[in-house]
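Residue-level structure breakdown
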Amino acid sequence: MRVLVLYAHPDRSSYGAALHRETLDGLEAAGHTVDDCDLYAEGFDPVLTYRDRIGYYDTAHNRQPVESYVDRLEQASALVIVSPVWTLGFPAILKGYFDRVWLPGVSFTLVDGRVRRKLTNIVKLGAVMTYGAPRMNAFLAGDPPRKLVTRLLRSQIKPMAPVNYVAHYDIDRSSSESRAQFLEKVKNSFAAF
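So, here is what we can say about the structure in this document. (Residues numbered from 1 in each chain as written. Predicted model: local features only at pLDDT ≥ 70, side-chain atom pairs only at ≥ 80, totals over all residues. Heavy atoms only, no water.)

1. Things to note about helix α7 (residues 176-191)
- Between the first and last C-alpha of α7 there are 23 Å, a value that for 16 residues agrees with the 22 Å anticipated at 1.5 Å per step.
- Looking at α7, one finds that the buried residues are Phe182, Val186, Ser189 and Phe190. Down the axis of α7, the smallest arc covering the buried residues is 85 degrees, so these residues share one side. Of the exposed residues in α7, the ones pointing more than 90 degrees away from its buried face are Glu177 and Gln181.
- On its buried face, α7 sits against α1 (15-29), β3 (78-85), β6 (124-131) and β7 (163-168). (Helix = DSSP H or I, 4+ residues; strand = E, 2+ residues; numbered from the N terminus. Expected span 1.5 Å × (residues − 1). Buried < 20%, exposed > 50% of the residue type's maximum accessible area, 1.4 Å probe, protein only. Arc of directions from axis to C-beta. Contact = heavy atoms within 4.5 Å.)

Below is the structure:
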């Protein structure tokens, strides 16, 4: 399976970087072909410009500014996101990726004013997320990142595609043992993806 890994962390020496490596190792151990999209390292521009916005629904041309990213998404059969959760949301670069790449004609079409999924080539979805806050805090706030992955993104891929959402909550107060256990969990989880 060809897996597109979207990685969003600016610090190559971070715990997030270690999670990214374990995710890649697990996927490769499972025999998958991995397209590693490190948004920061690639210098992805997350800003949806005025010109992008006014051409948003022009499906003949809207993908041109991000054509290479659209191609990678359309060639993938699975998608895995590796990212921290900041202020109960995705880092701006990852949010901008979805704003700029998951376009009309790419991730969905409009038929008689209704949204129809288009990324049915994506048959599996995964996420590795770290939260500074405890699970209860995220729960009380509605856990927007979890909902974005398990509901919104899932609504635009193959119907009933399995989702593997792996999260370490309360990372700010975690121990070296809990972080090591989570690294192992991530590697094992994606070795079975």
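2. Quick word on the side chain of Thr130
- The residue Thr130 is located in strand β6 in this model.
- The class of Thr130 is buried, set by a relative accessible area of 11%.
- Once residues within four sequence positions are removed from consideration, Thr130 is found in contact with Tyr15, Leu19, Ser83, Pro84, Val85, His168 and Ile171.

3. What about the packing of α1 against α7?
- Taken N-terminus to C-terminus, the directions of α1 and α7 make an angle of 30 degrees; their axes are 7 Å apart at the nearest point. Looking at the two axes, α1 sits roughly parallel to α7. The way α1 lies across α7 gives a crossing that is right-handed. Packed against α1, whose contacting residues are Tyr15, Ala18, Leu19, Glu22, Thr23, Asp25, Gly26 and Leu27, the element α7 presents Arg179, Phe182, Leu183, Val186, Lys187, Phe190 and Ala191 at the interface. (Axes fitted to C-alpha atoms, helices over the stretch in contact; angles between N-to-C directions. Parallel < 35°, antiparallel > 145°, perpendicular 65-115°, else oblique. Left-handed = near helix turned anticlockwise from the far one by under 90°.)

4. Quick notes on the sheet that holds strand β1 (residues 2-7)
- Within the open sheet, the 5 strands sit side by side as β2-β1-β3-β6-β7. Their pairing is parallel. Each edge of the open sheet is held by one strand with a lone partner, namely β2 (33-38) and β7. Direction aside, neighbouring strands of the sheet carry axes that sit 15 degrees apart on average.
- One ladder, built from 5 bridges, connects β1 with β3; its direction is parallel. For Val5, the partnering residue across the bridge sits in β3 and is Val80.
- Along the sheet, α1 contacts β1, β2, β3, β6 and β7; its crossing angle with β1, the most-contacted strand, is approximately 180 degrees. (Pairing = 2+ DSSP bridges.)

5. A closer look at the nonpolar core
- Of all hydrophobic cores here, the largest spans 39 residues; its most connected members are Tyr97 and Trp102.
- For this core, the elements supplying multiple residues, two or more each, are β1, α3 (67-75), β3, α4 (92-101), β6, α6 (144-153) and β7.
- It is α4 that contributes the most residues to this core, 5 residues altogether.
- Excluding residues that lie within four positions of it along the chain, Tyr97 makes contacts with Leu4, Leu6, Leu39, Phe44, Tyr69, Leu73 and Trp102.
- One finds Val3, Val80, Val166 and Val186 within the second-largest nonpolar core, a separate group that totals 16 residues. (Core = buried A, V, L, I, M, F, W, Y, C linked by side-chain atoms within 4.5 Å.)

6. Observations regarding the packing of aromatic side chains
- The final tally for this structure, using the stated rule, is 9 aromatic pairs.
- On the basis of an interplanar angle of 80 degrees and a centroid distance of 6.4 Å, the ring pair of Tyr69 and Tyr97 is categorised as edge-to-face. Linking Tyr69 in helix α3 with Tyr97 in helix α4, this pair joins segments that are 28 residues apart in sequence. The same class applies to Tyr69 and to Tyr97, which are both buried.
- An aromatic cluster of at least three residues, connected via ring pairs, comprises Phe44, Tyr69, Phe90, Tyr97, Phe98 and Trp102.
- Looking at Arg53, its charged tip hangs above the ring of Tyr56, at a distance of 4.9 Å from the centre.
- Just above the ring of Phe193 sits the side chain of Lys124; from NZ or CZ to the centre is 5.0 Å. (Phe/Tyr/Trp six-rings, centres within 6.5 Å; stacked < 30°, edge-to-face > 60°. Lys NZ or Arg CZ within 6 Å of the ring centre and 35° of its normal.)

7. Looking at the side chain of His168
- Tracing the sequence through the fold places His168 in strand β7.
- Since its relative accessible area comes to 10%, His168 is described here as buried.
- Contact partners of His168, with chain neighbours within four places excluded, come to Tyr15, Met129, Thr130, Tyr131, Ser174, Ser178, Arg179 and Phe182.

Remember, this is a structural readout, not a statement about activity or role.
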